[in-house]
Amino acid sequence: MDRRSRVDERDPRQRASGRAGAAGRRRSDHARLDRDRVRTQERRSAAAIRLGLAAVSVLALSSDDTLLILKLAFLVLLYGFIVLIVRSATKDLGGAPQESIVLGASEAAALRAQYAPATARFVVLDGPGLERGSTVEVTASAIVGRGPESGVSIDGDEFASAQHARIEASPDGVWIEDLGSTNGTFVNGARVSAKRVLQPGDVVRVGETELQLQK
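Residues numbered from 1 in each chain as written. Predicted model: local features only at pLDDT ≥ 70, side-chain atom pairs only at ≥ 80, totals over all residues. Heavy atoms only, no water.

The next point concerns the sheet that holds strand S1 (residues 119-126). Taken in spatial order, the six strands line up as S2-S1-S11-S10-S7-S8 in an open sheet, and their pairing is antiparallel. Every other strand in the sheet has two partners, leaving strand S2 (135-139) and strand S8 (190-191) as the edge strands with one partner each. Of the pairings in the sheet, the one linking S1 to S2 comprises five bridges and is antiparallel in character. Within S2, the position partnered with Ala 120 by the bridge is Val 138. (Pairing = 2+ DSSP bridges. Helix = DSSP H or I, 4+ residues; strand = E, 2+ residues; numbered from the N terminus.)

Okay, structure coming up:
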């Protein structure tokens, strides 16, 4: 009865051939595994690249939106600034009407004079703080006194208080009011006890300073 030779009884060349075949099969398996790993890595790399491109696109879109928002905000601020300037300019006009195709130049000038702030003009008759014969103009309102904040300063008049009297020029006349001075305020020699209106030619005495209201 024939029997097969055991491995250790085989010819050395047969054993070497068997080992070579097994090694070849292992190399083939390794190569296949390497190719699979390479393909997997390539797929992962491609997916990462696609994800990166998508992120860049989103960032670019966000940047465009941010730039648009900044432009709109700048336009809003510019519009608000222009409105503020226009309102300020309108307020400075004091409500005086402008010349237009409806009003002629003379009518517009008359209305401007009507709406313009009233002005009172005085001539200095006497006083150590002001030059005799000089003119003092009061627009709207002014304080007469020795204080630095006085609109009509009579610093050289020692008998005048720091805030002696207030003169107001308005469309309905020129008014004077004593501000609690020590030596009092006088109109045509009469002491002023309450706010009163002045007439052209009236002489106002504050301390030792005398002012005459002009027409």
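Glancing now at the nonpolar core. Ranked by internal contacts, the top residues of the largest apolar core, which has 22 residues, are Phe 122, Ile 167, Val 174, Leu 198 and Val 204. Of all the secondary structure elements, the ones that give two or more residues to this core are S1, S2, strand S3 (141-145), strand S5 (165-170), strand S6 (173-178), strand S10 (203-206) and strand S11 (209-213). Setting aside residues no more than four positions away along its own chain, Val 204 makes contact with Phe 122, Ile 176, Thr 185, Phe 186, Val 187, Leu 198, Thr 209, Glu 210 and Leu 211. (Core = buried A, V, L, I, M, F, W, Y, C linked by side-chain atoms within 4.5 Å. Buried < 20%, exposed > 50% of the residue type's maximum accessible area, 1.4 Å probe, protein only. Contact = heavy atoms within 4.5 Å.)

With respect to the helices and strands, Ser 161 occurs in the loop between strand S4 (152-153) and S5. The exposure class of Ser 161 is buried, given its relative accessible area of 13%. Apart from the residues within four sequence positions on either side, Ser 161 is in contact with Gly 145, Arg 146, Ser 181 and Thr 182.

Here the structure, examined in full by the defined rule, presents four salt bridges. Across the pair Glu 137 and Arg 121 runs a salt bridge whose closest N-O atoms are separated by 3.0 Å. One end of the pair, Glu 137, is in strand S2; the other, Arg 121, is in strand S1, with 16 residues separating them in the sequence. Of the residues examined, Glu 137 reaches a relative accessible area of 47% and is grouped as partly exposed. Since its relative accessible area comes to 38%, Arg 121 is described here as partly exposed. Where Glu 177 meets Arg 166, a salt bridge forms, and the shortest distance between an N and an O atom there is 3.4 Å. In this pair, Glu 177 sits in strand S6 while Arg 166 sits in strand S5, placing the two residues 11 residues apart along the sequence. Assessed through its relative accessible area of 24%, Arg 166 is described here as partly exposed. (Salt bridge = Lys/Arg side-chain N within 4 Å of Asp/Glu carboxyl O.)

Inspection of the secondary structure puts Glu 168 in strand S5. A relative accessible area of 23% places Glu 168 in the partly exposed class.

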